[in-house]
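Analysis of the macromolecular model
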Amino acid sequence: MRFLAFIMCIGLASELFSQTDFCRKSTEGTDFWFGFMESRNYQENHFIEITVTAKESTTFQIFIGPDETPFGETYTLNENVPLQVEIPWELAEATGSEEIQDKGIHLVSEKPVNVYALNWSQNSADVAVIFPVGSLGTEYFAMCYYPDIDLVNPETGNGRNSEFLIVASENETVVEITPSRVTDKKVPKDSTFSVVLNKGQVYQVQSQNIVGSHLEGQGDLTGSYISASKPVAFYSGSLSTRIPTGQCCWDHLFEQIPPIHSWGLEYYLTPLKTRQQDRYRIMAAQNNTTLLITGRTPVTLQRGEFEELVVYHNDPKRLLADKPVMVTQFSQSRDVDNDFTGGDGDPFMIILSPVNQSKNEATFVAYRSPELNNGDYEGITKYFVNIITPTDEIENIRLNEEPVETEFQTLPGNLYSFSQIQIDAGTNQIKNINEDAGFLAYAYGFGGVESFGYGVGFNLDLTLDLGESIEFLGDTLLLCLGDTLVLDAGYYFDTFQWNSGETTQTIKVFDEGWKSVETTTYDGCELEDSVYIFLSHPTVQLDLEYLEECMPFELELKADHGYQNYLWKNEMGDTLSTAQNFTANKTGNYSITVFDQYKCTASDSMELIIFPVPEIEFLGSSQICGEKTASISVLATGTPDSIWNYEGGVEWRTNKPAVLSFRNKTNTTAEIEVNTWGDYEVYFHLKTTDGCEKTDTFFIRFHPNPTADFILDNDEKCEGYSQILTFTGTATDSASFYWDLSGCHFLDTMDWQNYLVSVGAFLEDPPVISLFIDDNGCFSDTVFKPVGAKPNFTIDADKQQGCDELEVYFTSQLLTPDEVNFEWEFDDGQI
């Protein structure tokens, strides 16, 4: 939607744009000041090179340093035929840190040209697009990467420094520098220092590197801030590093950083051909910048912060930001996905362009590697270009004057598509034959442990964009009720006229409605933009503000439904719950904050006072046996005694006041007396000084003691064989009897109700008989050892004459044979 809005703006305001060509800040121009950061200049065959292209034939010259010493001849450039000029690195490559050096390069052409800068060493190269003076700015953030020191050669070898370079285009340029890490000359991180540069002078800042340190971010100057009094060219990257750290192999990182005024809101993250994954960093220019990346949770960044992520080859992303951001794509070291890459390629960085900085035509060079007398050196062998264009413009894209046959892939959102195209080394040209539309393009190459990459199709137009919120389509900004929204037209304009009548660069907005501004620069650029302010005002209200209750108490607090998130907190700021409702059961201040779909908030709070009430524990026996008096006491805990233990604060009562009386009562003790046996309830009631009341009940039983007496009488029917056991004690009908008739022979069934049992006795020592009675918790027992019974029977025998048999007779005065069990035993053991 942003690209469509941009095209619509061109169509509706064509007359305005025809009068404001000064607003166009492309990579094409006639006057360039630039420089080279330090690379592997300690290697043999190291060189730096400038490539110049033009749409029409022209001439150009090169000068070096403040004195603008001419270098080489006046060069003639043919239409769409690049010309490459090699410069001895000692003349123009910065070295060391925090020293002013006369190594700026000035290129002046008769007609508009595009300039690219190559810094090459064997197995380490990178290319940067050079911006003309008219596209330079005064405010920048650095984008680098972590240093990854080669411990074999830590002082002069690979992986030593992240770095950035400032090149002055005018005399007496005051530059303020705030490094994000300690510099090589020990300037502390986040401190600001300044230098004064004249045109043609460069100032390089390198990080302090601590050998053997693996602290995250150590020596990474990403996020360093640079502000200049006059336009400067700004470059950042690394002398040589691995991406990510620890993966072979090292490479130089080198890019010209666009000024903040050209950063954008919408980007596409497209993979590099032959790479399984690419690494990205996204940096914010303003506080509270929200990023919305396809398939990821929204991220909020502060000014100068960055988000780093990895994107796989089959999962390109769309990035939307509500405030301007800069996006950098890093090619990773080849060993990260060696099987996927075939062992080709190493790190480089490309500054991506937002979709509103598209270009209509670009001529560029796919750099061949130098031919070295080294049989082991392979160099770059594969060259590619990624082209991003609106989906409905695919048929208008031409590569080297031919339609692009390579298949385009639709990007998230379906408005844009991209293609990865393998190209030949040397000169290439991309064009959109629709003059009112454009493309973005990035060229890159891989081979062995070498690679390069840079943007070839983009602009740096001066843009006026009041922004838009990622929650909406179109030019709409979100304002939450109670917040203040600051609209910023950009420091790079000179005059401002808002529809509210204000004439400042920024205005504060508090309400809903359309806001617009017209801006101009002293050199003739005129732009205007408008945005609708959408006011979101969620509401939430609890039912009450203040409540007093007594313990125990619970209050269910309910928030309005329909919100995205809920947050309950106490007066200390502790999170209590994230549910819609919350149950409060303690004294405190409870606040609820609701979040609507735009993350706007509304809050309400209430104070709950829950007065303490003590916990009551009765001390004393709940079963009184054989007595009709008892003493009980109360233990109250959990509160100070003073809130309840005062005169008149306690009352003792009972459910049977006619038969239970209290004596010697205090607030904590009482003596009880009853007239009759039975179960009673004693009530303890207190009232606190806060007016809270509490009643507790003590259940107590008064019961007579049982007596466990019994006698043994003769059993006339079974005299000499058994005795009658008869209970003669006292107990209630609900008592339980536990008899121990150890070893006795039972003749009759025990009848516990009648307390009568028949017990057999042995001739020998009789067993002990005991009785235990449980009468509702009151107990009694006794033990008795009876006298053994004597048998009353005779045995007679007659031997039959002439027979081996003996007839034996049993006789008894009390028993008949059918009432006796017989067991016979003979001396020979036979029965």
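Please read all numbers here as calculations on a predicted model, not as lab measurements.

Description of the side chain of Ser-536
- With respect to the helices, strands and loops of the structure, Ser-536 is situated in strand 37 (residues 526-536).
- Look at Ser-536 and you get buried, because its relative accessible area is 5%.
- Among the polar contacts listed, one links the side chain of Ser-536 to the side chain of Asp-596, at a separation of 2.4 Å.
- Discounting chain neighbours no more than four positions away, the residues touching Ser-536 are Leu-478, Leu-479, Cys-480, Leu-481, Asp-596, Tyr-598 and Cys-600.

What about the pattern of salt bridges?
- Throughout the structure, instances matching the rule amount to 14 salt bridges.
- A salt bridge links Arg-318 to Glu-266; the nearest nitrogen and oxygen atoms lie 3.0 Å apart. Linking Arg-318 in strand 21 (residues 317-331) with Glu-266 in strand 16 (residues 264-269), this pair joins segments that are 52 residues apart in sequence.
- Arg-318 gets classed as buried once you look at its relative accessible area, which sits at 16%.
- When its relative accessible area of 1% is taken as the criterion, Glu-266 is described as buried.
- Among the salt bridges present, the one from Arg-281 reaches Glu-308, with a minimum N-O distance of 2.9 Å. Note that Arg-281 is positioned in strand 17 (residues 277-284) and Glu-308 in strand 20 (residues 306-312), a separation of 27 residues in sequence.
- On the basis of relative accessibility, which here comes to 0%, the residue Arg-281 falls in the buried class.
- Here the residues in one salt-bridge network are Asp-220, Arg-279, Arg-281 and Glu-308, joined through shared partners.

A word on a nonpolar patch on the surface
- Taken together, the side chains of Tyr-738, Phe-772 and Phe-779 define a hydrophobic patch exposed on the protein surface, amounting to about 310 Å² of accessible area.
- In this structure, Tyr-738 sits in strand 55 (residues 736-741).
- Among the residues examined, Tyr-738 registers a relative accessible area of 45% and is labelled partly exposed.

Looking at a negative patch on the surface
- On the surface, a cluster of negative charge is contributed by Glu-548, Glu-571, Asp-574, Glu-607 and Asp-690.
- With respect to the secondary-structure elements, Glu-607 resides in strand 44 (residues 601-611).
- The exposure class of Glu-607 is partly exposed, given its relative accessible area of 34%.

Here we look at the packing of aromatic side chains
- This structure, assessed with the given rule, holds 30 aromatic pairs.
- When the ring of Tyr-563 is compared with that of Tyr-566, the centres are 6.4 Å apart and the planes differ by 80°; the resulting orientation is edge-to-face.
- Taken together through their ring pairs, the aromatic side chains of Phe-618, Trp-652, Phe-662, Phe-684 and Phe-698 make up a single cluster.
- Over the ring of Tyr-225 we find Arg-303; its NZ or CZ atom is 4.4 Å from the centre of that ring.
- Over the ring of Trp-677 we find Lys-628; its NZ or CZ atom is 4.9 Å from the centre of that ring.

Some points on the side chain of Gln-332
- Checked against the element boundaries, Gln-332 lands in the loop between strand 21 and helix 4 (338-341).
- There is a polar contact of 3.1 Å between the side chain of Gln-332 and the side chain of Gln-277.
- Beyond its immediate chain neighbours, meaning those up to four positions away, Gln-332 contacts Ile-243, Pro-244, Arg-275, Gln-277, Arg-279, Val-310, Asp-346 and Pro-347.

As for the sheet that holds strand 43 (residues 588-595)
- Pairing is mixed in the open sheet, where 5 strands are placed in the order 38-44-43-40-41. Bordering the open sheet on either side are strand 38 (546-550) and strand 41 (575-577), each of which pairs with just one other strand. Strand-to-strand, the axes of this sheet are offset by a mean angle of 30°, without reference to chain direction.
- The pairing of strand 43 with strand 44 spans 8 bridges and is classified as antiparallel. The partner of Asn-589 across the bridge, within strand 44, is Glu-607.

Description of the sheet that holds strand 49 (residues 660-663)
- With antiparallel pairing, the 4 strands of this open sheet are ordered in space as 45-47-50-49. Two strands in the sheet have a free side with no partner beyond their single neighbour: strand 45 (615-619) and strand 49. Adjacent strand axes in the sheet meet at a mean angle of 30°, parallel and antiparallel pairs treated alike.
- Relative to strand 50 (residues 669-674), strand 47 (residues 629-637) runs antiparallel, the two being bridged by 5 bridges. Following the sheet pairing, Ser-633 is matched in strand 50 by Thr-669.

Focus on the environment of Ser-469
- Here Ser-469 lies in the loop between strand 31 (450-457) and strand 32 (476-480).
- Look at Ser-469 and you get buried, because its relative accessible area is 6%.
- Dropping the residues within four chain positions of it, Ser-469 is found in contact with Asp-322, Thr-476, Leu-477 and Leu-478.

A short note on the nonpolar core
- Among the nonpolar cores identified, the biggest contains 131 residues, and Phe-34, Ile-50, Ile-62, Leu-107 and Tyr-454 are the most heavily contacted of them.
- Per-element accounting of this core gives the leading share, 8 residues, to strand 7 (residues 105-121).
- If you look at the next biggest cluster of nonpolar residues, it comprises 23 residues, including Ile-632, Ile-643, Tyr-680 and Phe-698.

Observations regarding the pairing of strand 9 (residues 137-141)
- With 5 of its 5 residues buried, strand 9 lies for the most part within the structure.
- Relative to strand 14 (residues 225-241), strand 9 runs antiparallel, the two sharing 4 bridges. Counterpart to Tyr-140 in the pairing with strand 14 is Ile-226.

Cut-off values and rules
- Residues numbered from 1 in each chain as written.
- Predicted model: local features only at pLDDT ≥ 70, side-chain atom pairs only at ≥ 80, totals over all residues.
- Heavy atoms only, no water.
- Helix = DSSP H or I, 4+ residues; strand = E, 2+ residues; numbered from the N terminus.
- Buried < 20%, exposed > 50% of the residue type's maximum accessible area, 1.4 Å probe, protein only.
- Polar contact = N/O pair within 3.5 Å; in protein donor to acceptor, adjacent residues only side chain to side chain.
- Contact = heavy atoms within 4.5 Å.
- Salt bridge = Lys/Arg side-chain N within 4 Å of Asp/Glu carboxyl O.
- Patch = residues over 30% accessible without salt bridge, like charges linked within 9 Å, V, L, I, M, F, W, Y side chains within 5 Å.
- Areas by Shrake-Rupley, 256 points an atom, 1.4 Å probe, with all protein chains shown as cover.
- Lys, Arg positive; Asp, Glu negative; His and termini not counted.
- Charge placed at Lys NZ, Arg CZ, Asp CG, Glu CD.
- Phe/Tyr/Trp six-rings, centres within 6.5 Å; stacked < 30°, edge-to-face > 60°.
- Lys NZ or Arg CZ within 6 Å of the ring centre and 35° of its normal.
- Pairing = 2+ DSSP bridges.
- Axes fitted to C-alpha atoms, helices over the stretch in contact; angles between N-to-C directions.
- Core = buried A, V, L, I, M, F, W, Y, C linked by side-chain atoms within 4.5 Å.

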